[in-house]
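Descriptive structure summary
If you want the building blocks of each chain, they are given just below.
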Amino acid sequence: MIRAPEKKPDLRDLSAAELQRLMAELGQKPFRARQVLHWLYKGGATSIAEMTDLSQDLRVRLARVTRLAWMEPAHQQQAGDGTRKFLFTLADGLAVESVLIPEADHHTLCVSSQVGCRQGCAFCRTATLGFKRSLTPAEIIGQVLYARSVVEADRPLTNLVFMGMGEPLDNLDNLLKALEHILGPHGLQMSQRKVTVSTVGLADRLPRLGRATPAALAVSLGAADDKLRDRLMPVNRRFPLAALKAALAAYPLKPTRRITLEYVLLGGVNDRPDHARQLVRWVRGLKVKINLIPFNPFAGAAFRAPAPEDVARFQDVLVDGHLTAIIRRSRGQDIDAACGQLAARAGLDKSGAQR
Ligand code: SAH
């Protein structure tokens, strides 16, 4: 646990159990770990020095073996609809974006899990960056802590969606550590129903996710036909629709909860009534609701947005098939903050910065 100074972990990279072990190694009683957790997550501490109910000596010894970073965006933009996009520059010069979306009585934060992405979905702008690296637990939670610190008290940050840059299940260890602190009793104590992990459907990792966290699950489907899905989402070549469906059927769900299926509607590609009927057949037997996301265009994209009447017709077919289907309104489109448009570029030209 105690590492060379240059390898010092951020205190927010440690699970509660790891922090307890560290405090024991420093000769401290277990309640000291709880005090530190309080500073980290309830107190939003920005430095070890400010943890004033720890002795000066303990703070110095803690700072010898760990560090504590506070993430602030290097840039931010505000859309006409109030949506804010933050660009965080990371310690190695790479950058990620998060999007803070105001609702009537709360905020939702769209959180990133990686810089770039390995999945290569044909319709996603993040995919055009390629993969740079996974975020650490501290970098995932840092986005949440910053957003919490800037929202107004009467519109708190209650909802998180892991729908920013990256594939969360491709960074599962760090995601789970972050979720422990986001949901946990000594952490942010956010509601498990309001924290959603969104995945392309890495079927082999779903069992572990389901065992390890009660957070809500969303799966990006994009097509209910293997040939089409192979083309839109390369992950389908490894985990075809049948394998994905088996993993979803086995996913642990509380009685009142459902899995969200996200279906990006690409004009003329997967938005025909036939595609909707395929989808109705495919979901049979699964406990799901469906979010329809009209494609958000970006420069150089190979797709176009669906016509509004095609979106409505697609939804009608699903509803006639007795499914719950909601059309997701795009937020923050004028600042490229909508779904699939995140592509933070800061630092990417520093090739030496890639790990
Ligand atoms: N890797 C995860 C989370 C990031 S993508 C996942 O795939 O679920 C979040 C959602 O945005 C996914 O449902 C994806 O299909 C959708 N999406 C990606 N690019 C989009 C675009 N250009 N327009 C609309 N939705 C898009």
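Since this is a predicted model, take the numbers as computed values, not measurements.

How each quantity is defined
- Residues numbered from 1 in each chain as written.
- Predicted model: local features only at pLDDT ≥ 70, side-chain atom pairs only at ≥ 80, totals over all residues.
- Heavy atoms only, no water.
- Buried < 20%, exposed > 50% of the residue type's maximum accessible area, 1.4 Å probe, protein only.
- Helix = DSSP H or I, 4+ residues; strand = E, 2+ residues; numbered from the N terminus.
- Near = heavy atom within 4 Å.
- Polar contact = N/O pair within 3.5 Å; in protein donor to acceptor, adjacent residues only side chain to side chain.
- Areas by Shrake-Rupley, 256 points an atom, 1.4 Å probe, with all protein chains shown as cover.
- Domains from an automatic or database assignment.
- Buried area = accessible area lost by both parts, 1.4 Å probe.
- Salt bridge = Lys/Arg side-chain N within 4 Å of Asp/Glu carboxyl O.
- Phe/Tyr/Trp six-rings, centres within 6.5 Å; stacked < 30°, edge-to-face > 60°.
- Pairing = 2+ DSSP bridges.
- Right-handed = clockwise from strand over helix to strand, strands pointing away.
- Contact = heavy atoms within 4.5 Å.

**Here we look at helix α10 (residues 273–283)**
- Burial in α10 covers these residues: Pro 273, His 275, Ala 276, Leu 279, Val 280, Trp 282 and Val 283.
- Just downstream of α10 lies Gly 285, where phi reads positive at about 95 degrees.

**Quick notes on the site of the ligand**
- If you check the shell around the ligand, you find 20 residues, and the closest are Phe 123, Ser 198, Ser 220, Glu 262 and Asn 296.
- Within the backbone of Phe 123, one N or O atom sits 2.9 Å away from a nitrogen atom of the ligand.
- Interatomic distance of 3.0 Å between a backbone N/O atom of Gly 166 and a nitrogen atom of the ligand.
- Protein chains shield 96% of the accessible area of the ligand, which is 540 Å² for the free molecule.
- Among the elements of the structure, β8 (195–199), β10 (259–265) and β11 (288–294) are those that each provide at least two residues to the shell around the ligand.

**Focus on the domain arrangement of the protein chain**
- Taken domain by domain, the protein chain consists of domain 1 (11–65) and domain 2 (75–347).
- For domain 1 versus domain 2, the distance between C-alpha centres works out to 33 Å.
- In this assembly, domain 1 packs against domain 2 so that about 1100 Å² is buried in total across both faces, 56% of it on carbon and sulfur atoms.
- Linking domain 1 to domain 2 there are one salt bridge.
- Of the charged contacts, one joins Glu 18 and Lys 177 as a salt bridge, the two residues approaching to 2.9 Å between their closest N and O atoms.
- Between domain 1 and domain 2 we count nine residue pairs in polar contact (both at pLDDT 80 or more) in total.
- Within the residue set of the side of domain 1 that touches domain 2, elements represented by two or more residues are α1 (16–25) and α2 (30–42).

**Some remarks on the packing of aromatic side chains**
- Tallied over the full model, the rule gives six aromatic pairs.
- Ring geometry for Tyr 263 and Phe 314: centres 4.9 Å apart, planes at 35 degrees, overall tilted. Within this pair, whereas Tyr 263 is found in strand β10, its partner Phe 314 is found in helix α11 (residues 308–320), the two being separated by 51 residues in sequence.
- With a relative accessible area of 1%, Tyr 263 lands in the buried category.
- On the accessibility criterion, Phe 314 (1% relative accessible area) is buried.

**Here we look at the pairing of β8**
- In terms of burial, β8 is a largely internal element, five of the five residues being buried.
- Of the two faces of β8, the one carrying Val 195, Val 197 and Thr 199 and the one carrying Thr 196 and Ser 198 are both buried.
- Here three bridges tie strand β7 (residues 157–162) to β8, and the two strands are oriented parallel to one another. Of the residues in β8, the one forming a bridge with Val 161 is Thr 196.
- Running through helix α5 (residues 172–183), the crossover from β7 to the neighbouring parallel element β8 is right-handed.
- Read from β8 through helix α6 (residues 206–212) to strand β9 (residues 216–220), the crossover connection turns out right-handed.

**Looking at the side chain of Ser 198**
- Position of Ser 198 among the secondary structure elements: in strand β8.
- The buried category is assigned to Ser 198, whose relative accessible area is 7%.
- Here the side chain of Ser 198 touches Glu 262 through a polar contact of 2.6 Å, side chain to side chain.
- Apart from residues no more than four positions distant in its own chain, Ser 198 is found in contact with Phe 162, Met 163, Glu 167, Pro 168, Ala 218, Ser 220 and Glu 262.

**Points about the pairing of β11**
- With respect to burial, β11 is a largely interior element, six of its seven residues being buried.
- Looking at chain direction, β10 and β11 are connected through seven bridges and run parallel. Bridging across to β11, Leu 261 finds its partner in Ile 290.
- Following the backbone out of β10, through α10 and into the adjacent parallel β11, one traces a crossover that is right-handed.
- Relative to strand β12 (residues 325–327), β11 runs parallel, the two being bridged by three bridges.

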